[in-house]
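Below, each chain spelled out in residue letters.
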Amino acid sequence: MKLRRFGRAMAALSISALALTACGADNEGDNENADNGSSEEGDLLTIGSGELIGGGASSQDSAMTAWATGINETNPDLTVNYDPVGSGSGREGFLNGQYSFAGSDAAMDTDEQEQAAEICGDAGVFHVPAYISPVALAFNLEGIDTINMDADTIAKVFTGEISKWDDQEIADQNEGVDLPDIPITVVHRSDDSGTTENFTEYLAEASDSWDQEPSDAWPSDYTGESAQKTSGVVDLTSGTEGAITYADASQVGDLGTVAVGVGEEYVEYSPEAAANAAETAEEDPDAEGALELDRETEESGVYPIVLISYHIFCHEYDNEDTANQAKNFAAYVVSEDGQNTAADSAGSAPISDATRDDAMSRIEGIGVQG
């Protein structure tokens, strides 16, 4: 039986600070009468001063840099410092009061949401789908840029059941490709990672050859080489002939990538294919604002190994300054300008108008406790 997601993602990456400030936007705050360029959202993008501190998912690192450049043009009075310490560390820092918002490749679980009441009050938290990106299966084989694999083959590679690149199961899906007779070296994250959770969620739902629960930690049953952080697994794969890993697509560089079997076709990762996956997602009933992806889709043109990375905010903050800063930052990120800026820099898929409207209805409601 195929397994369903239950874990929550964590990743740990090095700290960097980004200066972010407000910029013009495109979408009216009224969810029922959304209209690009409205004064209501414009007001949100010009409020707030001082320093807003956040931390979390490293998958958003390139997008954060782009958002920093874009938002800094119009409101130099607001600075947002973001530490890409990983999804789990970001959520932990938020719950400990270290950060005023968290970046996370997975939604908060029930226990975390209950803990958030200590910081946010009884109103709790909500999630903003800020960054949508494919998770690439990246490999190092000289002279080969793309290899086709269906879900079962991918699972067998990452469990070690398929251990050579010229295995017949891979060859049957890659007619005309000169596959080398060399071992496959699986490279996985050694740290708890949102990317690991998204990838293992895909394997658990799409393949009968994967027998592990989805998790932010790589299963101890399946060995291989390991490295910390996205940069670590990409660097290790780049330096190891025959290696394969999973990583946010924006960071895989010149490595070859797997076209994933979906229905009767093989789909290469792209922002468009990731956006198609996000369009089929449903609202997560257990985490406000979060989405659940259909990993078993057979829809044409959909790339199913996708992460949706969130920004997590309080509905109510303990002071007006922080509430205004959060509104400003959140509104810019989901604006058409903010999403397109990230897409140009990081290759992410912009959120849909419907997702933007839904997010803005919550962002506008950020208030002060008491």
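Residues numbered from 1 in each chain as written. Predicted model: local features only at pLDDT ≥ 70, side-chain atom pairs only at ≥ 80, totals over all residues. Heavy atoms only, no water.

Looking at an unreviewed UniProt entry, the chain carries the name Phosphate-binding protein, with the source organism given as Auritidibacter ignavus. Regarding the chain, the relevant UniProt record gives this comment under Sequence similarities (unreviewed entry): "Belongs to the PstS family." (UniProt positions renumbered as here; feature names shortened; annotations may be inferred.)

Draft legend 1. Representation of the packing of aromatic side chains within the structure. In total, this model carries 14 aromatic pairs according to the counting rule given. Both rings, one in Tyr82 and one in Phe101, keep their centres 6.0 Å apart while their planes meet at 20 degrees; by these two values the pair is stacked. Of the two residues, Tyr82 sits in strand S2 (residues 78–83) while Phe101 sits in strand S3 (residues 101–104), which places them 19 residues apart along the sequence. Classification of Tyr82 as buried rests on a relative accessible area of 0%. An angle of 50 degrees between the planes, with centres 5.2 Å apart, marks the rings of Trp210 and Tyr222 as tilted. (Phe/Tyr/Trp six-rings, centres within 6.5 Å; stacked < 30°, edge-to-face > 60°. Helix = DSSP H or I, 4+ residues; strand = E, 2+ residues; numbered from the N terminus. Buried < 20%, exposed > 50% of the residue type's maximum accessible area, 1.4 Å probe, protein only.)

Draft legend 2. Just the packing of helix H5 (residues 151–159) against helix H7 (residues 194–206), in detail. Between H5 and H7, the least distance of the axes is 9 Å, while the angle of their chain directions is 125 degrees. Here H5 lies oblique to H7, going by the angle between them. H5 and H7 meet at a crossing whose hand is left-handed. Where H5 abuts H7, its residues Ala151, Ile154, Ala155 and Phe158 lie against Phe199, Tyr202, Leu203 and Ala206. Partitioning the contact of H5 with H7 into residue classes produces eight nonpolar, no polar and no charged. (Axes fitted to C-alpha atoms, helices over the stretch in contact; angles between N-to-C directions. Parallel < 35°, antiparallel > 145°, perpendicular 65-115°, else oblique. Left-handed = near helix turned anticlockwise from the far one by under 90°. Contact = heavy atoms within 4.5 Å. Nonpolar A, V, L, I, M, F, W, Y, C, P; charged D, E, K, R; others polar.)

Draft legend 3. Expanded view of the side chain of Ser133. Note that Ser133 resides in strand S4 (residues 125–139). Residue Ser133 is classed as buried on the basis of its relative accessible area, which comes to 1%. At 3.1 Å, the side chain of Ser133 forms a polar contact with the side chain of Asp248. Not counting the four nearest positions on each side in its chain, Ser133 is found in contact with Asp248, Ala249, Ala274, Val306 and Leu307. (Polar contact = N/O pair within 3.5 Å; in protein donor to acceptor, adjacent residues only side chain to side chain.)

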